[in-house]
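Chain residues, written in single-letter form:
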Amino acid sequence: MMRISSKRTFVGLFFLFVCPFSVLAQTAATNGNVILRRDPWKGSVALAHLPKGARLTLVDATPDNGFYHVRTEDEQVGWVSSKFVIVSPSPTPPTPTPPTSPTPETPCDASLWSHVYHPLRLIVKQPCITVAGTIVDATAGKKPDGVRHEADGDTHGWLKVDPEFENLLNAGNLSDEQGNLVFEIVCRFHVSQQDAKAACANYTDQVSLPPVGSHVQIVGTLVQDTFHAKWMEIHPVTNITVVP
């Protein structure tokens, strides 16, 4: 059965860890059609043409030569003219308080949010949830562990959920993830993405990843990724346990 925690202590800790790090990944949108360029000047090589309303993440909140260094929804990195960018306001972080460890009442580890790259893109649907299903290969046999090794250090794994959890899937899961729920163990691998390195600094992942074909329960936060196809995922994962 699905277990959802609504404890005030956990929710408070959850927002503590999300909000401070969201300011490190400020979002923006284009206010007109604009060219994504390789370098910060008008004559630089064009990488892509972005439409009005395209959502961006600022790699650096300060413009350089009239250009913002940005990342697009499809993970392209380049420069766009600042006059075509509307920057979202940064939230004010709350006063920090010490983290607590997971308990039977609040089994999710809120401190993991301090290691989530760009948490502002994630819409939290359930702060803590336990979902059962079978781990399937998300790499078409390219990786022996069955998960994609993302540049930000996270896994991109697939869980074929048990029937009682199929209501957690949305159109993005069906169209882009072969009907599977995505799960992300943070900082699992070497981080090659420069702006994601700070989130994984001085942290070692302790989550056990069972092999493909294992029937498991995954505990973590249920979120919707507002980038890509807006699929649902468990991110971050607190633990994975093999069950009958």
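Because the structure is a prediction, the values reported are computed rather than measured.

Caption draft 1: Main features of the layout of surface pockets. One number sums up the size of the second largest pocket: a volume of about 240 Å³. A per-class count over the lining of the second largest pocket returns 4 nonpolar, 5 polar and 8 charged.

Caption draft 2: Main features of the side chain of Gln224. Along the chain, the position of Gln224 falls in strand S12 (residues 215–225). On the basis of relative accessible area, Gln224 is assigned to the buried category, the value being 18%. In this structure, Gln224 is in contact with Arg121, Leu122, Ile123, Lys125, Asn170, Lys230, Trp231 and Met232, ignoring residues within four places of it in sequence.

Caption draft 3: Spatial organisation of the side chain of Ser114. Tracing the sequence through the fold places Ser114 in the loop between strand S7 (85–87) and strand S8 (122–136). A polar atom in the side chain of Ser114 sits 2.7 Å from the backbone oxygen of Ser111.

Caption draft 4: Structural detail: empty space enclosed by the protein. Enumeration according to the criterion identifies 1 cavity of 30 Å³ or more in this entry. A volume near 40 Å³ is recorded for the largest cavity. Along the walls of the largest cavity sit 10 residues, with Cys108, Asp109, Thr221, Pro236 and Thr238 positioned nearest its centre. Elements with a contribution of two residues or more to the lining of the largest cavity: S12 and strand S13 (232–242). A per-class count over the lining of the largest cavity returns 6 nonpolar, 3 polar and 1 charged.

Caption draft 5: Representation of the confidence of the model for the protein chain. Per-residue pLDDT for the protein chain averages 85, and the proportion of residues at 70 or more is 83%. In this model residues 1–24 is a low-confidence stretch, pLDDT under 50, and it forms 54 contacts with partners more than four residues away in sequence or in other chains. Contacts of residues 92–100 to residues separated by more than four positions or lying in other chains number 14 contacts, the stretch itself having pLDDT below 50.

Caption draft 6: How the structure looks around the nonpolar core. Residues Val131, Leu159, Leu181, Phe183, Ile218, Val237 and Ile240 are the most contacted members of the largest nonpolar core, which totals 23 residues. For this core, the elements supplying multiple residues, two or more each, are S8, strand S10 (155–161), strand S11 (181–183), S12 and S13. In contact with Val131, other than residues within four places in its own chain, are Leu159, Val161, Phe165, Leu168, Leu181, Val216, Gln217, Ile218 and Ile234. By size, the runner-up hydrophobic cluster in this structure holds 12 residues, among which are Leu36, Ala48, Ala54 and Leu56.

Cut-offs used in this document
- Residues numbered from 1 in each chain as written.
- Predicted model: local features only at pLDDT ≥ 70, side-chain atom pairs only at ≥ 80, totals over all residues.
- Heavy atoms only, no water.
- 1 Å grid on protein atoms, 1.4 Å probe; cavity = no way out; pocket = protein on both sides within 12 Å on 5 of 7 lines; lining within 4 Å.
- Points joined across faces, edges and corners; volume = space filled by probe spheres on them.
- Nonpolar A, V, L, I, M, F, W, Y, C, P; charged D, E, K, R; others polar.
- Helix = DSSP H or I, 4+ residues; strand = E, 2+ residues; numbered from the N terminus.
- Buried < 20%, exposed > 50% of the residue type's maximum accessible area, 1.4 Å probe, protein only.
- Contact = heavy atoms within 4.5 Å.
- Polar contact = N/O pair within 3.5 Å; in protein donor to acceptor, adjacent residues only side chain to side chain.
- pLDDT = per-residue confidence, 0-100.
- Core = buried A, V, L, I, M, F, W, Y, C linked by side-chain atoms within 4.5 Å.

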